[in-house]
Amino acid sequence: QSLACRANGESSLPIIRIASFSLDAFGESKLRKEAVVETVARMIRQFDVIALQHIQSRQQNIVPELLDKVNQSDRRYDYCIGPRVGSESNQQQFAFLFDTDRIETDRPQLYTIDDPQALMEFDPLVGWFRCKAVPKEKAFTFTLVNLRLDPLASGRELKLLPDLIRSVRQDGRPEDDIILLGNFGCSDSEMSSLQSIGMLFGL
């Protein structure tokens with residue numbers, strides 16, 4: 001899944017390419033498969049910001065080693081990663097990778113959405129980003145909400161998305177561009193409830 005955005009809608013400003021990849025239980029075994037890592041790295045280099053889901057490992061080296069492979073090019077990426085979320089038997093992590101020449105993030109503003117009632121299996125990860133290619137007063141700023149719906153409970157979790165977006169809008173940051181992306185496991189029509197709160201769909 002990918003999306004291209006232009007800062008403030010001005011045709012003279014650069015396009016920022018945003019993507020979302022579900023890595024399908026990416027851990028040590030896949031990290032040791034050179035063809036798999038090269039394919040993932042090649043896809044990542046096509047975008048400026050990438051939301052990753054389904055990182056599944058007890059080790060802390062998975063994303064740094066993937067990043068080393070990505071950076072074997074003329075682009076330089078960094079990352080921020082959330083804590084392990086999910087049930088004890090199905091712990092996963094979400095992350096953001098971004099091209100440091102084109103994008104900056106405010107790391108202290110990275111957070112996992114608090115879900116004390118455990119309404120969602122995997123707590124979404126929220127990050128704030130800004131385009132570096134233009135002066136700050138013209139730069140496109142945006143919030144990314146990185147999530148993976150539980151395939152066994154996607155219908156129930158879909159109904160929670162409008163409230164999730166409202167909570168992000170009220171998190172204290174004056175940000176009006178919020179992009180929800182990740183592994184939904186459903187069609188656009190099944191997410192029609194988001195249109196009622198002003199969300200648009202993109203491919």
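The paragraphs below set out a description of the structure included in this document. Since the model is a prediction, treat every value here as computed from it, not as a measurement.

What counts, and where the lines are drawn
- Residues numbered from 1 in each chain as written.
- Predicted model: local features only at pLDDT ≥ 70, side-chain atom pairs only at ≥ 80, totals over all residues.
- Heavy atoms only, no water.
- Helix = DSSP H or I, 4+ residues; strand = E, 2+ residues; numbered from the N terminus.
- Buried < 20%, exposed > 50% of the residue type's maximum accessible area, 1.4 Å probe, protein only.
- Contact = heavy atoms within 4.5 Å.
- Phe/Tyr/Trp six-rings, centres within 6.5 Å; stacked < 30°, edge-to-face > 60°.
- Core = buried A, V, L, I, M, F, W, Y, C linked by side-chain atoms within 4.5 Å.
- Salt bridge = Lys/Arg side-chain N within 4 Å of Asp/Glu carboxyl O.
- Arc of directions from axis to C-beta.

### Here we look at the overall build of the protein
Then comes step 1: Along the backbone of the protein there are five helices and ten strands.
Then comes step 2: Looking at the protein as a whole, 47% of its 203 residues qualify as buried.
Then comes step 3: Within the protein, residue pairs in contact and separated by at least 24 positions form 66% of the contacts whose partners lie at least 6 positions apart.

### Re the environment of Phe-129
Then comes step 1: Structurally, Phe-129 can be placed in strand 8 (residues 125-131).
Then comes step 2: The residues contacting Phe-129, other than those within four sequence positions of it, are Val-49, Phe-96, Phe-98, Ile-103, Glu-104, Thr-105, Phe-140, Thr-141, Phe-142 and Leu-144.

### Quick notes on the side chain of His-54
Then comes step 1: Along the chain, the position of His-54 falls in strand 3 (residues 49-55).
Then comes step 2: Setting aside residues up to four positions removed in sequence, His-54 forms contacts with Ser-22, Leu-23, Asp-24, Ala-25, Phe-26, Gln-92, Gln-93, Phe-94 and Arg-148.

### Side note on the packing of aromatic side chains
Any aromatic ring pair is given by two values, namely how distant the centres are and how the planes are angled relative to each other.
Then comes step 1: Using the criterion set out here, one finds five aromatic pairs in the structure.
Then comes step 2: Consider the rings of Phe-129 and Phe-142, whose centres lie 5.7 Å apart with planes at 25 degrees: the pair is stacked. Placement of the pair is Phe-129 in strand 8 and Phe-142 in strand 9 (residues 141-148), with a sequence separation of 13 residues. Taken individually, Phe-129 and Phe-142 each receive the classification buried, so the pair is uniform in this respect.
Then comes step 3: Seen in terms of ring centroids, Phe-140 and Phe-142 are 4.9 Å apart; in terms of plane orientation they differ by 20 degrees. Their pairing is stacked. The burial state of Phe-140 is the same as that of Phe-142; both residues are buried.
Then comes step 4: Each member of the aromatic cluster is reached from another via a ring pair, and the members are Phe-96, Phe-98, Phe-129, Phe-140 and Phe-142.

### A short note on the nonpolar core
Then comes step 1: Phe-21, Ile-44, Ile-50, Leu-52 and Leu-66 are the most contacted members of the largest nonpolar core, which has 21 residues in total.
Then comes step 2: Secondary-structure elements contributing two or more residues to this core are strand 2 (15-26), helix 2 (34-44), strand 3, helix 3 (62-70) and strand 5 (93-99).
Then comes step 3: Considering every element that reaches this core, the biggest residue donor is helix 3, with five residues.
Then comes step 4: Excluding anything up to four places from it in sequence, Phe-21 contacts Met-43, Ile-44, Phe-47, Ile-50, Ala-51, Leu-52 and Gln-53.
Then comes step 5: Among the nonpolar cores identified, the runner-up in size contains 19 residues, and Val-49, Phe-96, Phe-140 and Phe-142 belong to it.

### Remarks on the pattern of salt bridges
Then comes step 1: Applying the stated criterion across every chain, the model contains twelve salt bridges.
Then comes step 2: In this structure, Arg-32 engages Glu-65 in a salt bridge whose closest nitrogen and oxygen atoms are separated by 3.1 Å. Taken together, the residues span a long stretch of sequence, with Arg-32 in the loop between helix 1 (28-31) and helix 2 and Glu-65 in helix 3 at a distance of 33 residues.
Then comes step 3: For Glu-65, a relative accessible area of 31% puts it in the partly exposed group.
Then comes step 4: Among the ionic pairs, Asp-78 bridges to Arg-107, the shortest N-O distance being 2.7 Å. With Asp-78 in strand 4 (residues 77-81) and Arg-107 in the loop between strand 6 (103-105) and strand 7 (111-112), this pair connects stretches of sequence that are 29 residues apart.
Then comes step 5: In this structure Asp-78 comes out as partly exposed when scored by relative accessible area, which is 27%.
Then comes step 6: Overall, Arg-107 belongs to the partly exposed group, its relative accessible area being 41%.
Then comes step 7: Each member of the salt-bridge network shares a partner with another, and the members are Glu-38, Arg-42, Arg-45 and Lys-69.

### As for helix 3
Then comes step 1: Among all positions of helix 3, only Ile-62, Val-63, Leu-66, Leu-67, Lys-69 and Val-70 are buried. Here the buried residues of helix 3 occupy an arc of 155 degrees about the axis, which is enough to place them on one side.
Then comes step 2: In this structure, the buried residues of helix 3 make contact with strand 2, helix 1, helix 2, strand 3, strand 4 and strand 5.

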